[in-house]
Amino acid sequence: MGHLSTHVLDTMNGCPAAGMRVELHRREGAGFTTLKSFTLNADGRNDGGALLDAQTMAVGRYRLVFAVAPYFRARGVALPDPPFIDDVRIDFGIADAGGHYHVPLLVSPWAYSTYRGS
């Protein structure tokens, strides 16, 4: 059964990004509709499990928005104004509604990377 998940690791501190705010959006025409907003748990994941489950997975274009600068500021990191990285937006497509899509984020105040995980 298809589902979408994410996991965020704070590479500056070597730990999950507990407390980071995340939003999931779906592209609708020329804009985006917010599907879900949540705060990452102690493991850097969504407490509610899959962001999209077998019933809500659909082929389409999506966006995850990670509130990176607010997360690091809350951890006491002195960031410039404006910060080098504020929000990280990852636009991705779901081509197979029955597939498992995992979107991990490795992030610091100065760099990030992502990939399609398993």
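Procedures and definitions
Every chain's residues receive numbers from 1 upward, in the order its sequence appears when written. In keeping with the model being predicted, local features are shown solely for residues with a pLDDT of at least 70 and side-chain atom pairs are shown and tallied solely at 80 or more, while totals for entire chains, interfaces and linings include all residues. Values shown for side chains rest on all heavy atoms present in the structure; no hydrogens or waters enter the calculation. A run of H or I in DSSP counts as a helix once it spans at least four residues, and a run of E counts as a strand once it spans at least two, with each numbered from the N terminus. Radius of gyration here is computed from C-alpha atoms only, and the compact-globule reference equals 2.2 Å multiplied by the residue count raised to the power 0.38. Strands are labelled as partners when DSSP assigns at least two bridges between them. Lines fitted to the C-alpha atoms define the axes, with helices restricted to the stretch that makes contact. Angles between their N-to-C directions range from 0 to 180 degrees. Within 3.5 Å is the distance limit for a polar contact, defined as a pair of N or O atoms, with the added protein rule that one can donate a hydrogen and the other accept it, and that residues adjacent in sequence qualify only through two side-chain atoms. Any pair of residues with heavy atoms lying within 4.5 Å of one another is described as a contacting pair. Exposed residues in this analysis have more than 50% of their type's maximum accessible area, buried residues have under 20%, and partly exposed residues fall in between, with area computed by a 1.4 Å probe over protein chains only. Think of a salt bridge as a Lys or Arg side-chain nitrogen and an Asp or Glu carboxyl oxygen that are within 4 Å of each other.

Undergrad: I tried to follow the overall build of the chain on my own but got confused; where do I start?
TA: Looking only at helices and strands, the chain features 1 helix and 8 strands. Counting from the amino terminus, helix and strand elements in the chain follow one another as β-β-β-β-β-α-β-β-β. Computed over its C-alpha atoms, the radius of gyration of the chain comes to 14 Å, within 12% of the 13 Å expected for a compact globule of 118 residues. In terms of principal-axis extent, the alpha carbons of the chain reach across some 40 × 30 × 20 Å.

Undergrad: Help me understand the sheet that holds strand β4 (residues 31-39) in this model?
TA: One open sheet accounts for 4 strands, arranged β4-β3-β5-β6; its pairing is antiparallel. The strands lining the two open edges of the sheet, one partner per strand, are β4 and β6 (87-94). Adjacent strand axes in the sheet meet at a mean angle of 20° when their direction is disregarded. Looking at chain direction, strand β5 (residues 60-67) and β6 are connected through 8 bridges and run antiparallel.

Undergrad: Explanation requested: the side chain of His-25 in the structure shown.
TA: Along the chain, His-25 falls in strand β3 (residues 21-28). Polar side-chain contacts of His-25 include one of 3.0 Å to the side chain of Thr-34. Contact partners of His-25, with chain neighbours within four places excluded, come to Phe-32, Thr-33, Thr-34, Leu-35, Arg-61, Tyr-62, Arg-63 and Val-65.

Undergrad: Explanation requested: the pairing of β3 in the structure shown.
TA: Along any regular strand, the residues point their side chains to alternate faces of the sheet. Where β3 meets β4, 8 bridges bridge the pair, whose relative direction is antiparallel. Residue Leu-24 lies in a different strand from β4, and its bridge partner there is Lys-36. With antiparallel pairing between neighbouring strands as the criterion, β3 and β4 make up a hairpin whose turn holds 2 residues, including Gly-29 at a positive phi of roughly 65°. With 5 bridges connecting them, β3 and β5 associate as antiparallel partners. Paired with Val-22 across the strands is Phe-66, a residue of β5.

Undergrad: I tried to follow the pairing of strand β1 (residues 3-10) on my own but got confused; where do I start?
TA: Within β1, 6 of the 8 residues are buried, leaving the element largely enclosed by the surrounding structure. Where β1 and strand β7 (residues 100-107) come together, 8 bridges link them in parallel fashion. Following the sheet pairing, Thr-6 is matched in β7 by Val-103. Note that β1 and strand β2 (residues 15-16) share 2 bridges and pair antiparallel. Looking across to β2, one finds that Leu-9 is bridged to Pro-16.

Undergrad: Mind showing me how you'd approach the sheet that holds strand β8 (residues 112-114) here?
TA: Spatial ordering of the open sheet is given by β2-β1-β7-β8, a layout of 4 strands whose pairing is mixed. Each end of this open sheet is capped by a strand with a single partner; those strands are β2 and β8.

Undergrad: Even after reading the chapter, I still don't get the pattern of salt bridges, so can you show me in this structure?
TA: Pairs may arise between side chains of opposite charge once their charged atoms sit close together. Scanning the entire structure with this criterion turns up 5 salt bridges. Here Asp-87 ties to Arg-89 by a salt bridge, and the two come within 3.8 Å at their closest N and O atoms.

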